[in-house]
Amino acid sequence: MVNYSMFDKTEDTAFNILNALNYCKAHGEDGLLFDKGIYRVKREKAAETVVSVSNHCGPGVKRACFLLDGFKNFTIDGGGSSFVFEDILFPVIVRNSENITVKNFTFSSENTQNMQALVTDSGEDWFEMQPETNLPVFVIEKDVYVGDRDGEHQKLRYFDEVDGETNLLVSHAGDYCFCYPQNRSIDFEMLSNGNVKATGVKRKIKVGNRLNFASITRAVANIFIDNSKNTTVQDVTLYSGIGMGIIAQNSDTVTAKRFSTRLADGRSYSINADGTHFVHCKGKIAIRDCFFEGQLDDALNVHSVYLKIEDKTERTLLLKFMHAETKGIDLIPKGGTVEIADASTLLPYETFKVESVRRINADYAEITVDKDTSAVRTGDVANEVSFVPEILFENCTVRNNRARGMLLASAGKTVIRGNLFQTPGCSIKFESDGKYWFESGSVKDVLITENRFENCCYADWGEEVIYTQPREKEEENRYYHGKIEISGNTFVNCAVRPATMNNVETFIFENNTFENCADREVKFSHCGTAEIK
């Protein structure tokens, strides 16, 4: 392992790191170590590559502080250092690599493309706010923006209200969407004192509370893992950042140990999106002893992607990437297995081996399969199923974030054990769909045990602590999900029911305890067997 000080020869940290990593790769070094300190990073001379990142903005040229492409058996050790990113770039990209460890860092971004603001005055249908950001804030044609007016800036589209005393989301409020074409509802005005006034507000906003304003742009992620094997993120804390904390796709085995998203002093949110997110992965996903606080989406989301069948011949299928945030990703490998499912029930009715793949563009791929396609219906969906991960989420805390605790959609063995959930929405949701997000994956064997669910669903995003999303249609004696067992958990101060299950072959709810919970009823429908004890 070499020390970064050997390469610390210019004032540009990203350029020095680029040179250091090139040296390490050329000389077969096994790691890069930093002396503890504060490192400020700009993107001007950072490494550059073309990426397509699921659930972020579309494919394009991006820059990264640490670009590990084609590395093996390599560790980046921050030595407890703090990295501050002044510009919009990926802190870490790991791609086409094997046995990589990223550890001992804190990351924060000065330009998150979002904004928090303090409410200084309000009425029944208006409020005045003081932006709390180091970025310029301005108004154009009654819309509010953050960023460089003559350069990179974002239109803000929704906010969440945060209690000024508890720093929790306001009870039963949820997202206030104000700047979508179908929901244009608030007019903003820049005041001479630097504050911003909003009128046309449909609910009273409390003075002293904070508002977390967000755009819908995820230009980069924080740690992006692509087409890699055995990646570990350990003792890394994110205080702020654009996009997701860890996003892995097409990868085999990812481990997060003591990974955290945390609220810095004076902040009411941490990173802009999910804490961790895994798309079309295999092997084992292990999230242990992690802490998720203040992120603007779920702590964990695991799924693959449904592709729409647009056309076919006797032995080929033309597949379309439907959601804009999946375009450009290579999801179907040669030799893989594709299941064909009804777009409404999501139940599979045909399976093929993939003999070849022809990528047409970011929107379309054509696959050649091993047998006749006459049974396949255009308009239905295809799901590549050779990449299916096991999941372990253990001894973690999820609290004070926007949205839910986790979304689960993997057929691999899944264990959610020994965690604390204090989520504004449902803590665990089983979700797939073939009509909008096109996020795929039924679960087959899930154990939820020894967790503490405390004061969940206090804001929005669900009316049950644990919930399966119903399908548009069902088939008699067929079930989308396999076995879900919820046993040995504790529910505390939850005003909503503990669980609602639908379309599950085997459902077990037993040996759970309740403390000060108004609703203890468990509901289920279209289940093969259900044991409630």
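Cut-offs used in this document
Residues numbered from 1 in each chain as written. Predicted model: local features only at pLDDT ≥ 70, side-chain atom pairs only at ≥ 80, totals over all residues. Heavy atoms only, no water. Helix = DSSP H or I, 4+ residues; strand = E, 2+ residues; numbered from the N terminus. Rg over C-alpha atoms; globule rule 2.2 N^0.38 Å. Buried < 20%, exposed > 50% of the residue type's maximum accessible area, 1.4 Å probe, protein only. Contact = heavy atoms within 4.5 Å. Phe/Tyr/Trp six-rings, centres within 6.5 Å; stacked < 30°, edge-to-face > 60°. Lys NZ or Arg CZ within 6 Å of the ring centre and 35° of its normal. Pairing = 2+ DSSP bridges. Core = buried A, V, L, I, M, F, W, Y, C linked by side-chain atoms within 4.5 Å. Axes fitted to C-alpha atoms, helices over the stretch in contact; angles between N-to-C directions. Salt bridge = Lys/Arg side-chain N within 4 Å of Asp/Glu carboxyl O.

Peer 1: Please give an account of the overall build of the chain that cites residues and values.
Peer 2: Helix and strand counts for the chain stand at one helix and 49 strands. Over its C-alpha atoms the chain spans a radius of gyration of 23 Å, differing by no more than 12% from the 24 Å that the globule rule assigns to 533 residues. With respect to the principal axes defined by its C-alpha atoms, the chain has extents near 65 × 65 × 45 Å. Classification of the 533 residues of the chain by burial places 58% in the buried group. Expressed as a percentage of contacts within the chain between residues at least 6 apart in sequence, the contacts between residues at least 24 apart total 69%.

Peer 1: Quick rundown of the packing of aromatic side chains? Include the residues and the values.
Peer 2: Under the counting rule described, the total for this entry stands at 34 aromatic pairs. Centre to centre, the rings of Phe178 and Phe188 are 5.2 Å apart; their planes meet at 65 degrees, and the pair counts as edge-to-face. A residue pair is termed long-range when its members are at least 10 positions apart, and Phe178 in the loop between β15 (176-177) and β16 (179-180) and Phe188 in strand β18 (residues 187-190) qualify at 10 residues. By the burial criterion, Phe178 is buried, and Phe188 matches it. Members of the aromatic cluster, joined through ring pairs, are Phe259, Phe292, Phe393, Phe421, Phe453, Phe491, Phe507, Phe509 and Phe514. Over the face of the ring belonging to Trp126 we find Lys197, whose NZ or CZ atom lies 5.0 Å from the ring centre.

Peer 1: Go over the sheet that holds strand β10 (residues 126-131), please, and point to the residues and values.
Peer 2: One open sheet holds the seven strands; their spatial order is β15-β14-β20-β9-β10-β19-β18, and the pairing between them is antiparallel. The open sheet terminates on both sides in strands that have one partner only, identified here as β15 and β18. Relative to strand β20 (residues 210-214), strand β14 (residues 158-162) is paired through five bridges, and the arrangement is antiparallel. Bridge pairing links Glu161 to Leu211 in β20.

Peer 1: Could you give an account of the nonpolar core, naming the residues involved and the relevant values?
Peer 2: Inside soluble globular proteins, nonpolar side chains tend to come together where they are buried. Counting residues in each nonpolar core, the largest one holds 81 residues, and the members touching the most others are Phe83 and Ile466. Discounting residues that sit within four places of it in the chain, Ile466 has contacts with Ile428, Phe430, Ile448, Phe453, Ile486, Phe491, Pro498, Ala499, Thr500 and Met501. In terms of nonpolar packing, the next biggest core, distinct from the first, is built from 35 residues, Val51, Ala221, Ile242 and Ala273 among them.

Peer 1: Outline the sheet that holds strand β13 (residues 153-155), supporting the account with residue identities and numerical values.
Peer 2: Pairing is antiparallel in the open sheet, where three strands are placed in the order β11-β12-β13. The open sheet is flanked by β11 (137-140) and β13, the only strands paired with a single partner. Put simply, the sheet's adjacent strands are angled 30 degrees from each other on average, direction ignored. In this structure, strand β12 (residues 143-147) lies alongside β13, joined through three bridges in antiparallel fashion. For Tyr145, the partnering residue across the bridge sits in β13 and is Lys155.

Peer 1: Can you break down the pattern of salt bridges residue by residue, with the values?
Peer 2: For the structure on display, the rule yields 33 salt bridges. Between Glu510 and Lys533 there is a salt bridge, with the nearest N and O atoms lying 3.8 Å from each other. Of the two residues, Glu510 is situated in strand β47 (residues 497-510) and Lys533 in the segment after β49 (522-532); the sequence distance between them amounts to 23 residues. The exposure class of Lys533 is exposed, given its relative accessible area of 65%. Overlapping salt bridges bring together Asp160, Asp175, Arg218, Asp297, Asp298, Arg402 and Arg404 as one network.

Peer 1: I'd like to hear about unusual backbone geometry, residue by residue, with values.
Peer 2: Notably, Trp461 is not glycine yet its phi reads approximately 65 degrees, a positive angle. With respect to the helices, strands and loops of the structure, Trp461 is situated in the loop between β43 (452-454) and β44 (464-468). Note on Trp461: relative accessible area 14%, which makes it buried. The phi torsion at Asn516 lies on the positive side, around 55 degrees, for a residue other than glycine. Summarising the element assignment, Asn516 is placed in the loop between β48 (513-515) and β49.

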